[in-house]
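# Descriptive analysis of the structure
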Amino acid sequence: MERTMADSGSEDIAVIGNTDLTPSESQNNVRNTMFEKGTNLLKRMEISVAEAEKRTGKNAVNMQETYTVYLIETRPVDAVQEATSPVPDSLWRRYSEFELLRNYLLVTYPYVVVPPLPEKRAEFVWHKLSADNMDPDFVERRRVGLENFLLRVASHPALSNDKIFRSFLTEVEGKSLEGNRVRDRISSEGIVSSSCADSRIKALNATFRVKNPDKRFAEMKHYGDELQSVISQLLRVRARAADRLYGVYKVHGNYGRVFSEWSAIEKEMGDGLQSAGHHMDAYAASIDDILEEEEHYADQLKEYLFYADALRAVCRKHELTQYELETAAQDLCSKKQQQEELATGTVRTFSLKGMTSKLFGQETPEQREAKLKMLEAQIEEGEELVKERNVESGEFVKGAWADIERFKEQKDHDLREALINYAIMQISMCKKGIQVWNNAKECFSKM
Amino acid sequence: MKLLGAMMQIKRPRFYSDSNNSVPSEKSPPVSIPADISGEMLDLDEDDDLEVFSKGTSLTDGNSLNPSTQTSPASMINQYKFQEEEEDADAKDLFVTVDNPESHVTAIETYITYRVVTKTTRSEFDSSEFEVRRRYQDFLWLRGRLEEAHPTLIIHPLPEKFVMKGMVERFNEDFIENRRRALHRFLNRIAEHPIFSSGDDFKIFLTAAPGELISHKKQGAGFLSRMGETVRAVAASVRGVRNRPDEFTEMLEYSEAFSQKISALHKVTQRISKEQREYLEELKECGPTLALWSSCEEALAEPLRCMADSLDRCCQETEEQLKHINDELIPDLHEYVLCTDTLKAVLRRRDNIQADLEAKAEALASKKTERESIRDELEKLEDRQEWANNALRSDWTRWKKIMRTDLQSAFIDTADNNVKYYEKCLAIWESFLHSQRAEAEGNKNVDYS
């Protein structure tokens with residue numbers, strides 16, 4: 001089976017061709033395949049998050065804290081190919097800096113489905129995994145997740161060219177305290193953009209009615225909701241199943257112990273029992289590796305759980321731009337209406353002006369002239385605004401939809417690979433099971 | 001005793017008329033029993049003993065409870081000896097099955113009967129096939145009789161009367177099937193045992209019409225069975241033994257240790273079953289979740305549906321694997337947990353016989369009068385002791401062999417079952433991969449730039 005799979009031609013198939021690859025290897029395989037076809041940046045630069053370390057230091061409120069930093073290494077691709085292999089550029093960053101970077105990207109490229117970071121806190125844990133952020137397994141998986149994040153950003157046509165992102169990777173501008181420079185820049189940029197983003201964000205959270213939403217975005221948002229719901233459910237079920245399976249395997253370890261004790265009181269049966277017991281112990285121990293591999297599969301699902309969120313964010317941003325456009329158009333419309341009323345003296349609809357003019361009499365021609373002039377100016381402004389917003393909206397829709405299409409293809413590809421990885425992992429698990437029980441059977445035969 | 005002797009002389013070994021001509025009567029009795037005792041017991045020559053005590057004849061009259069009127073040690077030993085050789089020749093001539101449970105409702109109670117089918121070529125059976133219906137009480141009766149008749153032989157256990165934990169209804173399907181299986185095992189073990197299978201009670205159990213059985217039961221009730229359970233328990237309690245031979249102490253220690261180990265194995269297996277059940281319940285939710293997901297997707301719909309399907313099939317295989325553990329391994333282990341009770345009881349009874357003997361010997365030493373009668377009784381008790389020890393010794397070896405075979409095959413079956421389970425799951429996942437590969441080849445290469 002493996003042989004025939006490996007024979008097939010295309011790059012995509014190469015991933016599932018070798019069933020002996022571990023899922024993480026396969027995943028790297030996938031990523032490299034995908035990213036090779038990617039952007040300029042990745043063609044020129046190798047990026048990795050190589051290590052993680054614990055640090056202690058004073059935080060913003062001058063208190064001691066322990067945190068983890070991750071080493072970002074970059075290396076020009078040409079150098080690697082020429083095998084001169086210079087020492088890679090490297091710098092240490094902590095998780096919160098990655099968060100800053102991502103927020104910056106979210107605000108700066110609202111039409112992009114921005115790749116997600118690995119989870120802030122361990123969720124969907126089953127009992128063996130620690131929910132502790134300091135746990136080495138968690139740190140390791142986070143390291144992989146952060147690397148994945150950087151590679152995704154670096155392979156995105158728009159995001160990869162961002163200057164701040166480049167600095168984040170390499171801290172190009174001179175030496176200073178580790179990371180502070182760029183962090184400051186991000187923070188400051190963040191502050192600047194967040195002030196205007198603040199109002200936007202407030203608007204995002206508020207409920208507003210969009211009169212003509214683009215149906216495609218509404219559908220996408222709905223899809224994002226469904227995706228998030230179904231992946232959450234899947235992760236939950238999977239965590240519970242992992243917990244139970246762990247129990248099944250571990251209890252077999254008790255067989256090992258009892259067989260061993262029993263073999264001590266038997267003469268002829270002793271040897272067979274004893275060796276069978278060893279196999280039971282091996283069986284019980286094998287679950288640790290199996291479930292660790294399965295975590296990778298869970299991580300792949302989690303990435304898309306968070307991607308669903310990013311997708312929904314883009315859809316909401318579209319609604320916002322649409323809303324702003326509609327608001328501007330509406331304002332313009334009412335201003336034009338006012339102008340007409342003033343010009344013709346007719347009051348078409350019930351208005352305060354109409355009422356006050358009835359009550360208090362009409363204004364003087366000078367007043368009217370002044371008002372008309374003001375309205376004219378406002379209408380001109382309004383028309384400009386509407387034009388601007390139209391363009392903005394149009395560009396947003398175009399950009400967003402293109403990125404959504406790109407995202408869809410990536411998602412289909414990645415998730416399909418995840419399913420295949422899961423199957424490969426199951427196959428490996430079954431093979432191990434067959435081996436152990438065949439061995440045990442042989443021992444029992446010698447009882 | 002004289003009557004018994006006469007009976008013995010009448011019953012000739014008709015069984016040996018066919019194939020097996022070589023009656024191993026040439027062999028001398030392996031254990032040296034003082035010749036005068038055996039002569040006193042049965043008033044027969046040794047040669048007659050050997051011929052008469054063949055497999056076909058039923059000597060052990062279950063009605064009589066006085067062990068001293070039973071078979072002499074010498075003949076018992078001979079019977080055992082050539083029974084082992086018989087087994088090699090594979091002369092299984094009685095096949096019994098227990099099946100077809102049926103519910104019976106009367107005004108007073110509801111109970112289940114099982115069909116017991118016997119096929120045999122044994123000459124003491126009037127016909128070659130019998131079919132009767134028996135209820136659990138009847139099995140209990142049979143076992144009780146065998147226990148009374150052979151206190152130091154190891155009788156296979158019956159399934160328990162009722163299960164305390166986790167059983168709601170007596171007539172639950174699984175419970176009935178488990179019981180049926182255990183009853184089948186029980187009868188087969190009895191049938192395979194050289195001494196048990198040659199008794200009247202066994203024969204009547206297999207062949208008698210309901211009315212016959214009832215009257216036989218009433219008739220044969222010995223004084224022990226009229227006692228209540230508690231009295232029996234008191235009777236069975238150990239009376240202090242002074243000089244238990246090492247070999248029996250070893251047996252006792254082994255019983256203790258074995259009891260612990262087999263109980264532990266039983267518990268571990270029950271725990272595995274529980275965890276596996278819970279795992280299965282979780283796994284069952286994966287398929288539907290994936291199916292739900294696939295309904296939201298376009299390109300991904302097919303692989304997701306495929307995976308959902310694969311997971312559902314894996315659930316079915318897991319269900320079957322679990323069934324084997326519950327329906328076969330656990331009951332098999334449970335039977336041997338019950339066996340350990342029998343072992344301990346048998347050793348206790350042997351100890352009691354020895355205790356009686358020791359008490360009698362003391363009495364002889366201390367009393368001045370009636371020494372003659374005491375000495376007579378003492379000799380009978382010594383005889384009884386000898387016989388009991390030998391019987392136990394042989395049956396112990398026999399039991400250990402059977403235990404080893406039974407448990408070995410139980411574990412081999414389980415290992416086999418697990419291998420099959422993983423092989424089936426492997427096939428399911430390989431077929432999934434294969435389908436995805438075929439799918440991928442059908443698609444164009446996607447450009448990600």
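For the structure itself, consult the block above.
Given the structure is predicted, the values throughout are model-derived calculations rather than measurements. (Residues numbered from 1 in each chain as written. Chains lettered and ligands numbered in written order. Predicted model: local features only at pLDDT ≥ 70, side-chain atom pairs only at ≥ 80, totals over all residues. Heavy atoms only, no water.)

Residues and elements named next belong to chain A. Remark: helix α6 (residues 95-108) packs on helix α8 (residues 163-170), axes separated minimally by 10 Å, with the N-to-C direction vectors making an angle of 165°. When the axis of α6 is compared with that of α8, the two are roughly antiparallel. Every pair of crossing elements has a handedness; the one defined by α6 and α8 is left-handed. From α6, E97, F98, L101 and Y104 reach across to α8, where they touch I164, F165 and F168. A class-by-class count of the residues in the contact of α6 with α8 yields six nonpolar, no polar and one charged. (Axes fitted to C-alpha atoms, helices over the stretch in contact; angles between N-to-C directions. Helix = DSSP H or I, 4+ residues; strand = E, 2+ residues; numbered from the N terminus. Parallel < 35°, antiparallel > 145°, perpendicular 65-115°, else oblique. Left-handed = near helix turned anticlockwise from the far one by under 90°. Contact = heavy atoms within 4.5 Å. Nonpolar A, V, L, I, M, F, W, Y, C, P; charged D, E, K, R; others polar.)

Here N62(A), not a glycine, exhibits a phi torsion of approximately 60°, which is positive. Residue position: N62(A) is located in the loop between β1 (45-58) and β2 (64-76). The exposure class of N62(A) is exposed, given its relative accessible area of 57%. Non-glycine residue N100(B) carries a positive phi angle of around 55°. (Buried < 20%, exposed > 50% of the residue type's maximum accessible area, 1.4 Å probe, protein only.)

A word on helix α10 (residues 215-263) of chain A. Helix length check: α10(A) (49 residues) gives 72 Å between terminal C-alpha atoms against 72 Å at 1.5 Å per residue, within 8%. Two or three places before R216(A), at the opening of α10(A), D214(A) has a side-chain oxygen 3.0 Å from that residue's backbone nitrogen. (Expected span 1.5 Å × (residues − 1). Polar contact = N/O pair within 3.5 Å; in protein donor to acceptor, adjacent residues only side chain to side chain.)

A word on the pattern of salt bridges. Scanning the entire structure with this criterion turns up 63 salt bridges over all chains. The partner of R133(B) in a salt bridge is E102(B), and the shortest N-O contact between them spans 3.9 Å. Here R133(B) is found in strand β3 (residues 129-135), whereas its partner E102(B) is found in strand β1 (residues 94-105), with 31 residues between them in sequence. Judged by relative accessible area, R133(B) falls into the partly exposed class, the value being 27%. The structure contains a network of salt bridges with shared partners spanning R141(A), R238(A), E294(A), E295(A) and D299(A). (Salt bridge = Lys/Arg side-chain N within 4 Å of Asp/Glu carboxyl O.)

At the interface, 66 residues of chain A touch 60 residues of chain B. Overall, the association of chain A and chain B removes approximately 6200 Å² of surface from exposure, summing both partners, and the carbon and sulfur fraction of that is 72%. Applying the counting rule to chain A against chain B returns nine salt bridges. Across the pair E266(A) and K400(B) runs a salt bridge whose closest N-O atoms are separated by 3.4 Å. For the pair chain A and chain B, the number of links is 17 residue pairs in polar contact (both at pLDDT 80 or more). (Buried area = accessible area lost by both parts, 1.4 Å probe.)

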